[in-house]
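Listed below, chain by chain, are the residues.
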Amino acid sequence: MPHIVDFKNVSTVGLESSPVAEALAGLRANEARYYRNKYDHAFTVSPASGVPEVVDRVSRILRDERDIVIESRPLEATAFEVDGLRMAYVFYESGLSINVMYSIDGGKRAVGFKLADGMEIPEELAPRFKFARQKSKLAGVIRGSYFVIKGEY
């Protein structure tokens, strides 16, 4: 069942099986706050098993663009359109968050990776990407990286 992520009262609901559940919940809340403040959009997530098309789309883009297969189990996912962008997010049990930003008019297209505080860089990403750090009141230290999508999806 979908639920709106509350960034004022951070909850681990849906993420309890993650070894970094608190940090991943903070990361998810950080994303929710961003979309509420920038676009007045309510960030709503569903169990990954309830939205397999979102998980499959993100997985296909990773595989086709960079031959990446994420080993961790997806816990939650969401897809929405805002301000001409088609967005998709998947939150993984390891503490990894992946988002796909795909401009509807052919502009910006990228995959972003964010690592919850306390998790190691996944083996499938470690040799390929450098991760920059940013601080967040909700998520502690977030490490992130991205790549530009070249194909059509």
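Refer to the preceding data block for the structure.
Quick caveat, the model's predicted, so the values are computed rather than measured.

**Comments concerning the sheet that holds strand β5 (residues 96-103)**
Phase 1 of the analysis: Across the sheet, eight strands lie side by side as β1-β2-β3-β4-β5-β6-β8-β7; this open sheet has antiparallel pairing. Each edge of the open sheet is held by one strand with a lone partner, namely β1 (3-4) and β7 (132-136).
Phase 2 of the analysis: Two elements, β5 and strand β6 (residues 109-115), share seven bridges in a ladder whose sense is antiparallel. What sits directly across from S97, in β6, is K114.

**A look at the pairing of strand β8 (residues 140-148)**
Phase 1 of the analysis: Inspection of the sheet shows β6 paired to β8 by six bridges, in the antiparallel sense. For F113, the partnering residue across the bridge sits in β8 and is S145.
Phase 2 of the analysis: The sheet contact formed by β7 and β8 spans five bridges and is antiparallel. By the bridge assignment, K135 is partnered in β8 with V141.
Phase 3 of the analysis: Counted between consecutive antiparallel strands, the loop separating β7 from β8 contains three residues.

**Observations regarding unusual backbone geometry**
Phase 1 of the analysis: With a phi close to 55 degrees, D40 is a non-glycine residue in the positive phi region.
Phase 2 of the analysis: Backbone geometry places D83, a non-glycine residue, at a positive phi of 50 degrees.
Phase 3 of the analysis: Topologically, D83 is positioned in the loop between β3 (74-82) and β4 (85-92).
Phase 4 of the analysis: By relative accessible area, D83 is classed as exposed at 63%.

**Some words on the environment of N9**
Phase 1 of the analysis: Secondary-structure assignment places N9 in the loop between β1 and α1 (21-39).
Phase 2 of the analysis: Residue classification places N9 among the exposed positions, given a relative accessible area of 55%.
Phase 3 of the analysis: Sequence spacing of N9 and L138 is 129 residues, and the spatial spacing of their C-alpha atoms is 9.9 Å.

**Things to note about the layout of surface pockets**
Phase 1 of the analysis: Estimates place the volume of the largest pocket at around 500 Å³.
Phase 2 of the analysis: Top element by residues in the lining of the largest pocket is α1. It accounts for six residues.
Phase 3 of the analysis: A per-class count over the lining of the largest pocket returns eleven nonpolar, eight polar and six charged.

**Some details on the pattern of salt bridges**
Phase 1 of the analysis: Counted under the stated rule, the structure contains six salt bridges.
Phase 2 of the analysis: The partner of R73 in a salt bridge is E93, with the nearest N and O atoms 3.1 Å apart. Here E93 lies in the loop between β4 and β5 and R73 lies in the loop between α2 (52-66) and β3, a separation of 20 residues in the sequence.
Phase 3 of the analysis: Overall, R73 belongs to the partly exposed group, its relative accessible area being 45%.

About the criteria used
Residues numbered from 1 in each chain as written. Predicted model: local features only at pLDDT ≥ 70, side-chain atom pairs only at ≥ 80, totals over all residues. Heavy atoms only, no water. Pairing = 2+ DSSP bridges. Helix = DSSP H or I, 4+ residues; strand = E, 2+ residues; numbered from the N terminus. Buried < 20%, exposed > 50% of the residue type's maximum accessible area, 1.4 Å probe, protein only. 1 Å grid on protein atoms, 1.4 Å probe; cavity = no way out; pocket = protein on both sides within 12 Å on 5 of 7 lines; lining within 4 Å. Points joined across faces, edges and corners; volume = space filled by probe spheres on them. Nonpolar A, V, L, I, M, F, W, Y, C, P; charged D, E, K, R; others polar. Salt bridge = Lys/Arg side-chain N within 4 Å of Asp/Glu carboxyl O.

The analysis is restricted to geometry; functional conclusions fall outside its scope.
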